[in-house]
Structures are given as structure tokens and as C-alpha cells.
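Structure at a glance
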Amino acid sequence: MSLTKKAYAKVNLSLDIVGRRDDGYHLVKMVMQTLDIADILTFEKMETAENYDQEGEQGDIPKEYDSRIETLLADNRYGDSKGMTEKDRENSEDIGLLPLGSDNLIYKVAKLLMENYVWPRNPKAGVRITLEKNIPIAAGMAGGSSDAAATFKGINELFELGLHDQELMDMGVTLGADIPYCIMGGTALSEGIGEKLTRLPDIPDCTVLVAKPKISVSTAEAYGGYDKLEETNKEQDLAGKRKRIVHPDVDQQVDAIYASDLNKLSAYMSNVLELVTAENHPEIGRLEEMMKASGAINSIMSGSGPTVYGIFKDADAAEKAAKQIEESELTEQLFVTRPIK
């Protein structure tokens, strides 16, 4: 009647923006890698006597909340939607809160599966989902998408729906571009808006040091800043000035992965969004330099940031670097971890 799933964090080994669709979605080309940092989700079946929508007043759970789905936090390190104003809900990532109820991807995935596959057979069926949060919030590590992926898998298994991963991935992309990758996991080339995935060989064994600064960055802020930078560069080109944007060579990194060459793979680590986020938050660059000075082959920002990570061949060097960074008080969360294959 209950089961537990891990939702693994990801980092971008490279991230490039190659275009933009008419609907505003950015087209990307990037290499993704899961790490052994995970949220823990517990799924329990419930039998409800009745079902209803809770109207509530401002600050309560939104009226579209369904009592047959409970989403709970295992601890109180983060806020939840019951105490949020409507403005807080819209900007929850920016203020470092974790919305539950209908605002959260966990709830959205659960409702999608329950409405389409569970409630047609048993309208009184319910699910209680408890989240133990370990992945940093608003950090460029796909914590919300990974939780959503674990929810797809957890409810599929709990209610014996028999859905294949590809079916879950097809549904997942309607809720978030990173969700299909988080369902797949491992090492992958991601294209399109993130839904076109090519599984890659496992990267060589290494140690990864992950540092989350004491700031939060919204994905919309990072991509919006990139768009402004690109427009500025077009104007500078017309004036004969040099462009600032240097795009990652993702193809070279993919070749290095196929060759199992950790040094070359690391040499091609690059993130085009760092031009935006690191300029606004200098601690990102400071953390990268500290990691490289302490033995990292290379160090970059993940996703829209602000999380910084470094690749180390030597686990002891990574541990020493972690102690130095901890003493610097630049971070609020620090992990010495490894890739998940």
C-alpha cells in the first residue's frame, strides 16, 4: 500500500541555446547528468469517503485542490502553499519557498494520472505523497522536475497502471521540459525544448563537488536575461563590435563521452546562461575558481544557476575543496557526490 522513490538531481555538463520557437520556448542543445543527490518521495494509497474541491480563502489551498491527493513535507525547512499569498505562489522559486497543493508539480502529475487512469476505475481512490527535500530549490538542478518524474513512476507503480517510460515522458513534457529527461536519467543529450533525448554512454568515474550559493535564481530570469544579451549583441554587431556570447561545443563533448575521456569532457564543460547569472552574482565565479584551484578539472554553473559544480578525479581533493568552500561561507548547501549511471 506504500512505496518510496528517489528523485535525483541533475547538472548540465554543457548548455547551449540554439534558437527560440514562436511560442517563446527556447531551443536548447545540452548534455545532462544525474547525480547522487536525491529528494525522497513516499507514496501511500488512501480510500476517501467523498471527494470535493476546497474553496478556501486567500492564503489557503487553492479551490482547484482535490482532497483525494495529499502532498506533504517531511520537514519544515521550506514553506508551503497553505501560508502563501497569491503573489508568493507566483514567485515561490525567487523567495526560496516550496509550494504544495495545486501549485506544485508533484500535485499536478498526481492529478493528471489519477484523473486519466485511477479515478475512472475507483473514484474514491486517493494518494498521500510525502516529500523529503534535499535537492536545492531554484538552483538549476531540476529538483521540481525530478520530483515530478518520481511521481509519475511512483503512482504508475502504486496503482499498477502498467504505463511505459515513454508514455510517462510524453505526458511529462506537457508539464515541464526537463521532466522527460528526469524520467530517463543517466547521461543524455537533450535537444528541442528538452524533450528530444539521446541516451549517451556513462561518463567515466569521478567525484563531483556541488555548491549552492546563498541566493536563488528563477529560470525565467536567466533565460530572459539571455534574450536581452542576444539583442544587445545584434546591435553591437551592426556597429562592428565583437560579440560577447561564446556558445559551447556540445558535439565535441559528446565525442569525449563516447571516447570515455574525462579530461576532454571536462574541457568542453560550458553553460551559455552563465553569461547572465554569473554577471549578476559574482560568488558563482569565485566558487568556480576555488574549485579549480583545489584540483577540479573544470567547474561551471549548472542550468540557470546559481549552483556551481566541479569535476574531480581525486575524491580526497574534492573533500578538501569542500572544507575550504564551507569555511568561505559562500554557500548554504554543499555536496560531495558522484554521477548516477
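Every chain's residues receive numbers from 1 upward, in the order its sequence appears when written. Totals for whole chains, interfaces and linings use all residues, but because this is a predicted model, local features are given only for residues with pLDDT of at least 70 and pairs of side-chain atoms are given and counted only at 80 or more. In computing side-chain values, all of the structure's heavy atoms are included and hydrogens and water are not.

1. Some points on the overall build of the protein
Put simply, the rule reads: In DSSP terms, a helix is any run of H or I states spanning at least four residues, a strand is any run of E spanning at least two, and both are numbered starting from the N terminus. The contact criterion used is simple: two residues touch if any of their non-hydrogen atoms lie within 4.5 Å. Throughout, the Shrake-Rupley method with a 1.4 Å probe supplies accessible areas, and for residues the shown protein chains are the sole cover considered.
Summing up its helical and strand segments, the protein has eleven helices and eleven strands in all. The long-range fraction of contacts in the protein, counting pairs at least 24 apart against all pairs at least 6 apart in sequence, stands at 71%. If you sum the accessible surface of the protein, you get close to 15,600 Å²; carbon and sulfur atoms cover 44% of it.

2. Concerning the nonpolar core
Cut-off, in case you're wondering: Among buried residues, the Ala, Val, Leu, Ile, Met, Phe, Trp, Tyr and Cys ones that are joined through side-chain atoms within 4.5 Å form a nonpolar core. Relative accessibility decides the category of a residue: with a 1.4 Å probe and only protein chains considered, values under 20% of the type maximum give buried, values over 50% give exposed, and everything between is partly exposed.
M114, I155 and F159 are the most contacted members of the largest nonpolar core, which has 65 residues in total. By residue number, the principal contributor to this core is helix α2 (residues 105–118), which donates seven residues. Ignoring sequence-local partners within four residues, the contact set of M114 consists of I69, W119, P120, A125, G126, V127, I155 and F159. Within the second largest apolar cluster, 26 residues are counted, among which are M141, L189, L262 and I311.

3. Focus: the pattern of salt bridges
The condition that has to hold: Salt bridges are defined by distance alone: a side-chain nitrogen of Lys or Arg within 4 Å of a carboxyl oxygen of Asp or Glu.
In the structure shown here, the tally under the stated rule is twelve salt bridges. Two residues, D36 and R338, come together in a salt bridge whose shortest N-O distance is 3.5 Å. Here R338 lies in the segment after β11 (331–337) and D36 lies in strand β2 (residues 26–47), a separation of 302 residues in the sequence. For R338, a relative accessible area of 45% translates into the label partly exposed. Within this structure, D39, K133 and D147 form a network of salt bridges that share partners.

4. Points about unusual backbone geometry
A cis amide bond, omega 5°, links G305 with the succeeding residue P306. Residue placement: P306 occurs in the loop between β9 (298–301) and β10 (308–312). Of note in this structure, A142 is not a glycine but carries a positive phi near 60°.

5. A look at helix α3 (residues 143–158)
This is how it is decided: What a helix is expected to span follows from its residue count: subtract one and scale by 1.5 Å.
An ideal rise of 1.5 Å per residue puts 22 Å on 16 residues; α3 measures up with 22 Å between its terminal C-alpha atoms. Of all 16 residues in α3, 13 are buried; the element is thus mostly enclosed. Just downstream of α3, E160 is the residue with a positive phi angle, here 50°.

6. With respect to the packing of helix α10 (residues 283–293) against helix α11 (residues 315–328)
The cut-off we apply is this: Whenever a helix is involved, its axis is fitted only over the stretch in contact; in every case the axis is a line through C-alpha atoms, and angles between N-to-C directions fall within 0 to 180 degrees. The hand of a helix crossing depends on one turn: near helix anticlockwise from the far one by less than a right angle means left-handed, and clockwise means right-handed. The nonpolar class holds Ala, Val, Leu, Ile, Met, Phe, Trp, Tyr, Cys and Pro. Asp, Glu, Lys and Arg form the charged class, and all remaining residues, Gly among them, are polar.
Packing of α10 against α11 leaves a shortest axis separation of 9 Å and a crossing angle of 150°. Once α10 is placed against α11, the crossing between them reads as right-handed. On α11, the residues that touch L287, M290 and M291 of α10 are Q324, I325 and S328. The residue makeup of the contact of α10 with α11, split by class, is four nonpolar, two polar and no charged.

7. Topic: the side chain of D39
Applicable threshold: Under the rule applied, a polar contact is a pair of N or O atoms within 3.5 Å (in protein, one hydrogen donor and one hydrogen acceptor; residues adjacent in sequence only if both atoms are side-chain atoms).
Of note, D39 is situated in strand β2. Of the polar contacts made by the side chain of D39, one reaches the side chain of K133; its length is 2.6 Å. Excluding anything up to four places from it in sequence, D39 contacts K5, K6, A7, L131, E132, K133, N134, I135, G143 and D147.

8. Examining the packing of aromatic side chains
Threshold: Under the pairing criterion, centres of Phe, Tyr and Trp rings, with the six-membered ring standing for Trp, must be within 6.5 Å; the plane angle then separates stacked pairs below 30 degrees from edge-to-face pairs above 60, leaving the rest tilted. Criterion for a charge above a ring: Arg CZ or Lys NZ at most 6 Å from the ring centre, at most 35 degrees from the ring normal.
Taken as a whole and judged by the stated rule, the model has zero aromatic pairs. Lying across the ring of W119, R68 places its NZ or CZ 3.5 Å from the centre.

9. Topic: the side chain of E283
As a reminder, the rule being used: Here Asp and Glu are counted as negative and Lys and Arg as positive; His is not counted, and neither are the chain ends.
Residue placement: E283 occurs in helix α10. Within the buried set, E283 has no salt-bridge partner at all; the shortest N-O distance to an opposite charge, 6.8 Å, is to R286. Sequence-distant contacts of E283, that is, excluding residues within four places in its chain, are made with P213, I215 and L330.

10. With respect to the sheet that holds β9
This is how the line gets drawn: A pair of strands is treated as paired once DSSP finds two or more bridges between them.
The four strands lie next to each other as β9-β10-β7-β11, forming an open sheet whose pairing is antiparallel. Across the chains shown, the open sheet's two edge strands, defined by having one partner strand only, are β9 and β11. Within the sheet, the average angular offset between the axes of one strand and its neighbour, ignoring direction, is 15°. Helix-sheet contacts for α11 involve β7 (207–213), β10 and β11, and the interaxial angle to β11 is about 175°.

11. Focus: the pairing of strand β1 (residues 2–20)
Both β1 and β2 contribute to a ladder of 16 bridges, which runs antiparallel. Residue pairing for β2: G19 is matched across the bridge by L27. As judged from the two bridges shared by β1 and strand β8 (residues 270–271), these two strands associate in the parallel manner. Its bridge partner lying in β8, L15 is registered against N271.

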